[in-house]
Amino acid sequence: MPELPEVETIRRELEPYVVGRTVVGLSFPWEGIVRRPALEEFSTRLIGQRITGLGRRGKYLIFSLSSGQALVIHLKMTGSLWFKDPEKFVRAIIHLDDGGNIYFRDPRKFGIMWLVDDKESVAVKLGPEALGAEFTAKVLAERLSQRTAPIKALLLDQGLVAGIGNMYADEALFSAKIHPARAGGSLTKKEVERLHKAIRQVLSDGINEKGASTDTYFRPSGEPGTAHSHFRVAHRRGESCPLCGTPLERIPVRNRGSYFCPKCQKEA
DNA sequence: CCCGGAACCTGAAGGC
DNA sequence: TGCCTTCAGGTTCCGG
């Protein structure tokens, strides 16, 4: 699933391929991928524009355009962007002036494209970047205080901190030895500090491994990432804790599968 | 404001 | 073999 490390890997590998290029055409095998404006306006306004930069905010990819507008893409759960034709599940194709193409592959059709004047307008309200300088242990502690929702649910709230998804939340909580169902406000100062450090570590490791290909994530070349092979609990159904050997458990937290070690991550 | 659950969508995998 | 159920989860929306 594309979370911060996966989106960042795609951004880095796509950047030299698209920056400086002009969009010369668009194809939509599935038109529902365009959120706004309406498809015809989306196309007429985007074609002819030069891509001046490729950025990322949380899990959003932002293509800066010569007009000052931005093409924003969210891959949601199963989206990926390819240099070459993945052949199946192609929902949109961006044709470039050098003959290159970007293929938006998305089996489950959750992915979205926007063409906007203000890139901030696509998301409700994003919290600080999980790997940014402004996201400190102190900021995390402030944002968790008084909160009664499970810490796992709060880590997935992009308005609290931007970029963490289900896999890396499980990894960070295991690393910090915190049970996923603990109330966010019940964490001690030491636990919040451990959690903050763990979040930054698992996300950085994920980027260094070029993302985790547990399911439908691919890099633009079509190659997988390797981060999932280093996961200690996420998606490790039926396996044992790498630290103590206790069988890992999976419980739903806010309807999200949460993998953890019941011995290393106590609920009390 | 805060919390929890539904909705969106469809392929893969497992059970019988 | 084939049908059926369950699972996967990022984000927004809505009711309490």
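Each remark here, short or long, concerns the structure printed above.
Residues numbered from 1 in each chain as written. Chains lettered and ligands numbered in written order. Predicted model: local features only at pLDDT ≥ 70, side-chain atom pairs only at ≥ 80, totals over all residues. Heavy atoms only, no water.

(A) Here's a closer look at the protein's contact with DNA strand C. Around DNA strand C, the structure places 21 residues, and the nearest of them are His74, Met77, Arg108, Phe110 and Arg250. A breakdown of the atoms of DNA strand C within 4 Å of the protein gives sugar and phosphate a share of 61%. His74 has a polar side-chain atom sitting 2.3 Å from a phosphate oxygen of DNA strand C. Tyr259 is positioned with one of its side-chain polar atoms (N or O) 3.3 Å from a phosphate oxygen of DNA strand C. With 3 residues, strand E11 (residues 256-260) is the single largest residue contributor to the surface near DNA strand C. Taken together, the residues that form the surface near DNA strand C break down as 8 nonpolar, 6 polar and 7 charged. (Near = heavy atom within 4 Å. Polar contact = N/O pair within 3.5 Å; in protein donor to acceptor, adjacent residues only side chain to side chain. Helix = DSSP H or I, 4+ residues; strand = E, 2+ residues; numbered from the N terminus. Nonpolar A, V, L, I, M, F, W, Y, C, P; charged D, E, K, R; others polar.)

(B) Up close: the protein's contact with DNA strand B. Around DNA strand B, the neighbouring residues are Phe89, Pro107, Arg108, Lys109, Phe110, Arg147, Thr148, Ala149, Pro150, Arg254, Asn255 and Arg256. When the atoms of DNA strand B within 4 Å of the protein are grouped by moiety, sugar and phosphate amount to 65% of the total. One of the backbone nitrogen or oxygen atoms of Ala149 is found 3.1 Å away from a phosphate oxygen of DNA strand B. Grouping the amino acids of the surface near DNA strand B by side-chain chemistry returns 5 nonpolar, 2 polar and 5 charged.

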